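Architecture and fold: a report
What follows is the residue order along each chain.
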Amino acid sequence: MLRRVEQRPVTGSADPRVAGLRIAVARLRRELAGYPGEFPDRAVAEDELAALDAMAVSGAPEVPRLRRSLLLIAGSIGSVSALSVAVKGVREAVDLFGEPRR
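This section reports on the structure supplied with the text. (Residues numbered from 1 in each chain as written. Predicted model: local features only at pLDDT ≥ 70, side-chain atom pairs only at ≥ 80, totals over all residues. Heavy atoms only, no water.)

**Section: the pattern of salt bridges**
Applying the stated criterion across every chain, the model contains 9 salt bridges. A salt bridge links Asp53 to Arg29, with the shortest nitrogen-to-oxygen separation between them at 3.8 Å. Taken together, the positions of Asp53 in helix H2 (residues 42-58) and Arg29 in helix H1 (residues 16-34) put the pair 24 residues apart, joining distant regions of the chain. With a relative accessible area of 11%, Asp53 lands in the buried category. Measuring nitrogen to oxygen at the nearest pair gives 3.1 Å for the salt bridge that ties Arg65 to Glu48. One end of the pair, Arg65, is in helix H3 (residues 63-77); the other, Glu48, is in helix H2, and 17 residues separate them in sequence. Given a relative accessible area of 28%, Arg65 falls into the partly exposed group. Overlapping salt bridges bring together Arg22, Arg29 and Asp53 as one network. (Salt bridge = Lys/Arg side-chain N within 4 Å of Asp/Glu carboxyl O. Helix = DSSP H or I, 4+ residues; strand = E, 2+ residues; numbered from the N terminus. Buried < 20%, exposed > 50% of the residue type's maximum accessible area, 1.4 Å probe, protein only.)

**A closer look at the nonpolar core**
Counting residues in hydrophobic clusters, the biggest one holds 25 residues, and the most contacted among them are Leu21, Leu28, Leu52, Leu66, Ile77, Leu83 and Val90. The set of elements that each furnish at least two residues to this core consists of H1, H2, H3 and helix H4 (84-95). In this structure, Leu21 is in contact with Leu52, Ala56, Leu66, Ala93, Val94 and Phe97, ignoring residues within four places of it in sequence. (Core = buried A, V, L, I, M, F, W, Y, C linked by side-chain atoms within 4.5 Å. Contact = heavy atoms within 4.5 Å.)

As structure tokens, this is what we get:
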């Protein structure tokens, strides 16, 4: 028997960047949970995704910490191409918190 998992909405923030980050993190978390393969640093990726979500929930994420988490996630997932689109989404969401590019 399948049990329903209650899902919280990931939007509702006054800052659309925060909502975007939460959506991107939720997507990668789902895809990572559904990925059947194992890799050595999977727990690191899961921990950093939880940290990103917590920072987004706080409403005032620190850019250096966001970028550090992103690097740890990308490094821990490595070359798992099945997750690359979702990782890119998180990267793009984190980039929105940085200074405008010239």
